[in-house]
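Summary of structural features
So you can see what is in the structure, the chains are spelled out below.
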Amino acid sequence: SNFSLARRLRAGEVVYSAWCGLPYPNVVETIAREGFTAVTLDQQHGLWDTASTMQAIGAIHLAGSAPLVRVPLGQNAIVSRALDFGAEGLIAPMINSAADARAFVSAAKYPPIGERSLGAHRAAALAGFPDQRPYLVTANQDTLAFAMIETRAALDNVDAIVNTPGIDGLFIGPSDLSYSLTNGAVLDAHSAEVEKGLEIVLAACKNAGKIPGLYCIDAARAAAKAKAGFKFLTVGSDLAFLRAGTSAQLNGLA
Ligand code: 3PY
Ligand code: MG
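Along every chain, residues carry numbers that run from 1 in the direction the sequence is written. Chain A is the first chain written and ligand 1 is the first ligand written, with later ones labelled in order. Residue-level local features of this predicted model are given only where pLDDT is at least 70; pairs of side-chain atoms are given and counted only at 80 or more, and the full residue set underlies all totals for whole chains, interfaces and linings. Water and hydrogen atoms were dropped before computing side-chain values, which therefore reflect all heavy atoms in the structure.

1. A short note on the pairing of strand S2 (residues 38-42)
In plain terms, the rule: Accessibility here uses a 1.4 Å probe with only protein chains present; expressed as a share of the type maximum, an area under 20% marks a residue as buried, one over 50% as exposed, and anything in between as partly exposed. Strands are runs of DSSP state E lasting at least 2 residues, helices are runs of H or I lasting at least 4, and numbering of each runs from the N terminus. For two strands to pair, DSSP has to find at least two bridges joining them. Whether a crossover is right-handed depends on one test, that the path from the first strand over the helix to the second runs clockwise when the strands point away from the viewer.
Most of S2 is tucked away: five of the five residues are buried. Across the two faces of S2 the burial is the same, with Ala 38, Thr 40 and Asp 42 and Val 39 and Leu 41 all buried. Where strand S1 (residues 15-20) lies against S2, four bridges are found, and the strand directions are parallel. Bridged to Ser 17 within S2 is Ala 38. Note that the unit made of S1, helix H2 (residues 25-33) and S2 has a crossover that is right-handed. Where S2 lies against strand S3 (residues 66-70), five bridges are found, and the strand directions are parallel. By the bridge assignment, Thr 40 is partnered in S3 with Leu 68.

Next comes the structure, spelled out in structure tokens:
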């Protein structure tokens, strides 16, 4: 925590993040305390509202982990709000063009890179500062903007997206990507076409000096893709952990 996530990823460290959609700060705090370096709150498909997101960000910091937020589709207003709450990273879904990337950056970065508006009182407090001024000085460096690559259009435009100033990394959504690449015929996050897309995104990040990220269904997939070169990897989900733990206990009774 303490806004070190960006420094660690920029230094080339591999970071694993939990992925949480259940809107309960104490649930994410528990998951963070098991030892996740980062915890991502999914506002796009999860159940988070403004208040629960704000509280969960504090709980993740308290647990010594780094909070990230995936915002809902096209919700750049929530990008700067989540950063103001103290998020160390933002993930924007369906960034399909350089224009999409620029609009995202505009909300995520202060001038001269973007147009993020001043008002980071809670983020500054969580970073240990008495007011927002010292937070502002390093915020563009110390918070991360990940653009999601999860359509054919995004793959076609990947170099323009990754080279957009202020984009810190790319994060692949393999389910949507499989669906887009097959025009809705196949949902398979691990298909051969998706694997080709992963290679394209890895190469684009490497050329641009940006952070490659990937949504992973479980630890085995995340560990394998870390070996392949991905640096920011999410692992399973809170719902999957809850179901797996519960069914393991029930099976133990049989
Ligand atoms: C996808 O796979 O499409 C995602 O957005 C990850 O949840
Ligand atoms: Mg998706």
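After that view of the structure, there is still more to cover.
2. Side note on the coordination of the magnesium ion (ligand 2)
Using the following cut-off: Any N, O or S atom lying within 2.8 Å of the metal counts as a donor, and for Na, K and Ca the limit rises to 3.2 Å; water is left out, so some sites can look incomplete.
On the protein side, the magnesium ion (ligand 2) has Glu 150 (OE) and Asp 176 (OD) as donor atoms, found 2.1 Å from it. Here the residue Glu 150 occupies a position in the loop between strand S5 (144-149) and helix H8 (152-156), and Asp 176 occupies one in helix H10 (residues 174-181), the gap between them amounting to 26 residues. On the accessibility criterion, Glu 150 (1% relative accessible area) is buried.

3. Examining the packing of H2 against helix H3 (residues 50-62)
The description of two helices packed together rests on the angle between their axes and the distance between the axes. Note the cut-off: Angles shown run from 0 to 180 degrees and are taken between the N-to-C directions of axes, each axis being a line fitted to C-alpha atoms and, for helices, limited to the stretch in contact. Roughly parallel means an angle under 35 degrees; roughly antiparallel, over 145; roughly perpendicular, 65 to 115; everything else is oblique. In this scheme, a crossing is called left-handed if the near helix is turned counterclockwise away from the far one by less than a right angle; it is called right-handed if the turn is clockwise. Residues are treated as being in contact if the distance between any of their heavy atoms lies within 4.5 Å.
Their axes nearest at 8 Å, the elements H2 and H3 cross at an angle of 25 degrees. The orientation of H2 relative to H3 falls into the category roughly parallel. At the point where H2 passes H3, the crossing takes the right-handed sense. Taking contact as the criterion, the partners of Pro 25, Val 28, Glu 29 and Arg 33 in H2 are, on H3, Ser 52, Gln 55, Ala 56, Ala 59, Ile 60 and Leu 62.

4. What to know about helix H11 (residues 192-208)
To keep it simple, the criterion reads: Here the expected length of a helix is defined as 1.5 Å per residue gap, with one fewer gap than residues. Directions are taken from the helix axis to each C-beta atom, and the arc is the one they span.
In a regular helix each residue adds 1.5 Å, so 17 residues correspond to 24 Å; H11 covers 25 Å between its end C-alpha atoms and thus fits that length. Among the residues of H11, Val 194, Gly 197, Leu 198, Val 201, Leu 202, Ala 204 and Cys 205 are the ones counted as buried. Viewed end-on, H11 has its buried residues packed into an arc of 165 degrees, placing them on one side of the element. Structural note: H11 exposes Ala 192, Lys 196, Lys 206 and Asn 207 on the side pointing more than 90 degrees away from its buried face.

Any link to function would need more than the numbers given here.
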